[in-house]
Amino acid sequence: MSVAAYCIFCYRQIGTSGPATKTHLPWNDIILSSTSSCLLSACQNSYGLAKTEPGGGGCGANLPVHAEEKKLFMIGKIAKVTGSLILGGFVFITYEVLSLKKLLQIDTQAIHQEKLKSYVYIRTTSLNRSEYQGITYQARKEIHKAVRKILETEAKIFRRPFNEQFSTFDGEDHECALWLLLKRCQSEDKEVRLQAVQDLANNSHWHDYQYGTVAQTCDQRTAIGLARSKDIDLRFFLPPPPLPKIKNDYPIEDELRLLLVSLPQTGLDPCVQYFTSLALRESSQTLAAQRGGLWCFGGNGLPYCETLSKIPSETVELFCLQALVQHSKVSSHCDKIEAKGGLQLLQRIYQLRKDSAKIQRNIIRIIGNMALDERLHSSIVRAGWVSVLAEVMKSPHVIQSSHASRALANLDRETVKEKYPDGVYVLHPQYRSSQPIRADILFVHGLLGAAFKTWRQQDIDRRLDKKALEGEENYSQCWPKTWLASDCPALRIISVEYDTHLSDWKAKCPVEAHRKSIAYRSNELLDKLRAAGIGDRPLVWVSHSMGGLLVKKMLVDASKNPEMDKIVNNTRGIIFYSVPHHGSQLAEYSINARYLLFPSVEVKELSKDSPALKKLNDDFLSFAKDKKFSVLSFAETLPTHIGSMIKLHVVPLESAKLGIGDLIPVDVNHLNVCKPKKKDAFLYQRTLKFIQDVLAQELGD
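Please read all numbers here as calculations on a predicted model, not as lab measurements. (Residues numbered from 1 in each chain as written. Predicted model: local features only at pLDDT ≥ 70, side-chain atom pairs only at ≥ 80, totals over all residues. Heavy atoms only, no water.)

## Quick word on the overall build of the protein chain
Phase 1: Counting its regular elements, the protein chain contains 31 helices and eleven strands.
Phase 2: When each of the 701 residues of the protein chain is scored for burial, the buried share is 43%.
Phase 3: At a minimum sequence separation of 6, the contacts of the protein chain that also span at least 24 residues come to 74%.
Phase 4: For the protein chain, the computed accessible surface area is about 38600 Å², with 56% contributed by carbon and sulfur atoms. (Helix = DSSP H or I, 4+ residues; strand = E, 2+ residues; numbered from the N terminus. Buried < 20%, exposed > 50% of the residue type's maximum accessible area, 1.4 Å probe, protein only. Contact = heavy atoms within 4.5 Å. Areas by Shrake-Rupley, 256 points an atom, 1.4 Å probe, with all protein chains shown as cover.)

And the structure:
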């Protein structure tokens, strides 16, 4: 390339040179010209290119040849050649650089626009709210808006893109940049922190890396607040940390068994001891089955026989988890579970048993119990449970989401001052909300009931009710959570759960029968309800069947205890759904078949004209009239099918009559008396009206 450039250069010089002309030269130029001619002749002679005539006009004939002149001539020759080479090389390099630059040229305008979208622009805004008020601040905001409008108009006129850096030039507080919000989340001012978490949760337009930045930099308090925010983006949370791999031949139930063995075994509550021994026994029988032979056991154990090829490891895990649930109710045992790596083990089981809702529910129940101890909060967060609970909160299944809601509420010490012990569930509000809570509604189920299934919408008969099938997608799994919460958002709705059984054959904890009596359950529930803040606000009780007897017993006991006096004084009304104030025919039937059913303590206490029931009713009426409680009672009028052969009127009309308040007969059976068919059904609308009437002062309009 350089040689070609040099040839072109020389060719252009020759082409542009004209004919030689004679000019009058000074003497020194003539001498130099003659010298040059002589030097050229000498060079030709030395290389044999030309021959000099004798006596001719050679170079030596006119002037002497000097060595310095010869040296200068050669230097000039070399310089001319070298200069041409350097010039050609420079031209070549320049050409190559320009070609390469053209090939690698990128649209810098597009890059600049992408930078404006991706960069986090931090405005130097003070955290002092007092600076946001006044004429100066408002004037500055208006000027900012005017400037942005001018810039937008200019961009449209000249058809050039608007600089997106100015898109938040006049942004409000909730439009603050990511890092400023993170800084505010750690402010000493609680109001500033709560607002910053809410602003973070409201962002739905960020890039993935911005959500990842929040997940990696936010503190424990902020992460829990985000998890308790409605419709939160799960990208705000880091996934659970990876766990070390285990051997394929090392079953999970063995790790659970070792964890149970490491927990204290002396001085235990009888029920805790029973569940622990049961779980260990089933684990040991599983190990024995692995060594050979068939295995079969019943009672409270695994209810079937299996061969070696079908050992139900999932069922054994469930037994061990039920034992851990009982241990997690003891604060000192929670410390041991955490110290032995129980949080990580539970995380592994949770990820492996994604298809088992019952196992996952028991695990989250354990986490909720451990979260009652604030010392364990950091360990729970580090184990990755916040992201798991945030995901479960989005579950369409009310049982799963309510267990997760309870665990997160116990972790959230920023906005929740109450603690929710095992068996106490918040149905509304399950998320952080700016809506102030004016009153509490407490739901208490009855015999064989539960905190959620008792209060579901009435089941649809697919054969008879074809119209109902059309609205089946609106079916409510728990009407207090869906219907009542939407009609009365200022209420805190709580449902409690306790184990009840018709027969001792199915008793979950058969030791110490007195634990299943109404008196024992009353004291146990009162302690839990006070921890949950029941009694701090106006209160309405809603009960079904035996739950109504439990409500009456709790109010009687609370009236005798100065520490529980708030519960009685703040009670505004009570709703009874088919409560057997004077006994139940179910108890009579069970007693007659005692050799078959072995009726439980709960059923025995429901005997018709029982002295204990009569005393409880008299004690309740004596102070309920003084307190002027508002009472609404519903009574069933249809018999209930128990099994395939028994048809029984569980609570007759005369037994449902309390003696005070209104009594309304309803054409339903005992199970459906607390399950409205739909939202506009009389059963629900009458219940709603009663709640709104007794809490009219608190709820306002």
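That was the structure; now back to the text.
## Things to note about the pattern of salt bridges
Phase 1: In this structure the tally under the stated criterion is 24 salt bridges.
Phase 2: In this structure, the salt-bridge partner of R235 is D233, at a minimum N-O distance of 2.9 Å.
Phase 3: Residue class for R235 comes out partly exposed when judged on its relative accessible area of 36%.
Phase 4: Judged by relative accessible area, which is 21%, D233 ranks as partly exposed.
Phase 5: The partner of K553 in a salt bridge is D557, and the shortest N-O contact between them spans 3.5 Å. Of this pair, K553 and D557 both sit in helix α23 (residues 546–559), four residues apart, which is roughly one turn of that helix.
Phase 6: Among the ionic contacts, a cluster of salt bridges with common partners joins E418, D440, R492 and R537. (Salt bridge = Lys/Arg side-chain N within 4 Å of Asp/Glu carboxyl O.)

## What about the packing of aromatic side chains?
Phase 1: A complete count under the given rule lists 14 aromatic pairs for this structure.
Phase 2: Relative to W455, the ring of F443 lies with its centre 5.0 Å away and its plane at 70°, an arrangement referred to as edge-to-face. Of the two residues, F443 sits in strand β4 (residues 439–444) while W455 sits in the loop between β4 and α20 (466–470), which places them twelve residues apart along the sequence.
Phase 3: Taken together, a centroid distance of 5.7 Å and an interplanar angle of 75° make the contact between W479 and Y684 edge-to-face. Here W479, found in helix α21 (residues 479–487), pairs with Y684, found in helix α30 (residues 682–694); they are 205 residues apart in sequence, far enough to count as distant. Each member of the pair, W479 as well as Y684, carries the same accessibility label: buried.
Phase 4: Of the aromatic side chains, those joined through ring pairs into one cluster are F443, W455, W479, W483, Y577, F634 and Y684. (Phe/Tyr/Trp six-rings, centres within 6.5 Å; stacked < 30°, edge-to-face > 60°.)

## Comments concerning the environment of Q322
Phase 1: Position of Q322 relative to the elements: it lies in helix α13 (residues 313–327).
Phase 2: As a C-alpha pair, Q322 and F275 span 47 residues in sequence and 7.0 Å in three-dimensional space.
Phase 3: Those residues within four positions of Q322 in sequence are excluded, and the remaining contacts are F275 and N362.

## Some points on the nonpolar core
General note: in soluble globular proteins, nonpolar side chains tend to be found buried as a group.
Phase 1: If you look at the biggest cluster of nonpolar residues, it comprises 64 residues, and the most contacted ones within it are V214, L226, L324, I380 and W385.
Phase 2: Ranked by residue count, the leading element in this core is α13, at eight residues.
Phase 3: For L226, the contacting residues outside a window of four places in its chain are V197, L200, A201, V214, I232, F236 and F237.
Phase 4: By size, the runner-up hydrophobic cluster in this structure holds 43 residues, among which are Y420, A532, A624 and L658. (Core = buried A, V, L, I, M, F, W, Y, C linked by side-chain atoms within 4.5 Å.)

## A closer look at the side chain of E418
Phase 1: You can see E418 is positioned in the loop between α19 (398–411) and β3 (424–428).
Phase 2: Overall, E418 belongs to the buried group, its relative accessible area being 9%.
Phase 3: Every residue in contact with E418, bar those within four places of it in the chain, is listed here: R413, R492, A531, A532, G533 and R537.

## A word on the sheet that holds β4
Consider a sheet: its strands pair through backbone hydrogen bonds, and that pairing is either parallel or antiparallel.
Phase 1: Taken in spatial order, the seven strands make up an open sheet running β3-β5-β4-β6-β7-β8-β11, and their pairing is mixed. In this open sheet, the two strands that pair with only one neighbour each are β3 and β11 (662–666). On average, each strand axis in the sheet is inclined to that of its neighbour by 20°, with strand direction left out of account.
Phase 2: In terms of strand pairing, β4 meets strand β5 (residues 491–496) through six bridges, oriented parallel. When the sheet's bridge partners are listed, V444 is paired in β5 with V496. (Pairing = 2+ DSSP bridges. Axes fitted to C-alpha atoms, helices over the stretch in contact; angles between N-to-C directions.)

## A look at unusual backbone geometry
Phase 1: A cis amide bond, omega -5°, links H428 with the succeeding residue P429.
Phase 2: Inspection of the secondary structure puts P429 in the loop between β3 and β4.
Phase 3: Of note, the phi angle at D231 is positive, near 55°, even though the residue is not glycine.
Phase 4: Of the residues examined, D231 reaches a relative accessible area of 63% and is grouped as exposed.
Phase 5: Phi angles above zero are rare outside glycine, and S578 is one such case at about 45°.
Phase 6: Mapping S578 onto the fold places it in the loop between β7 (571–577) and α25 (585–592).
Phase 7: Accessibility expressed as a relative area gives 0% for S578, which makes it buried.

## Observations regarding the packing of α21 against α30
Phase 1: α30 packs onto α21 with a crossing angle of 50° between their chain directions and a minimal axis gap of 11 Å. Taken together, the axis directions place α21 and α30 in an arrangement best described as oblique. For the crossing formed where α21 meets α30, the hand is right-handed. Of the residues in α30, those in contact with W479, W483, L484 and D487 of α21 are Y684, T687, L688, I691 and Q692. (Parallel < 35°, antiparallel > 145°, perpendicular 65-115°, else oblique. Left-handed = near helix turned anticlockwise from the far one by under 90°.)

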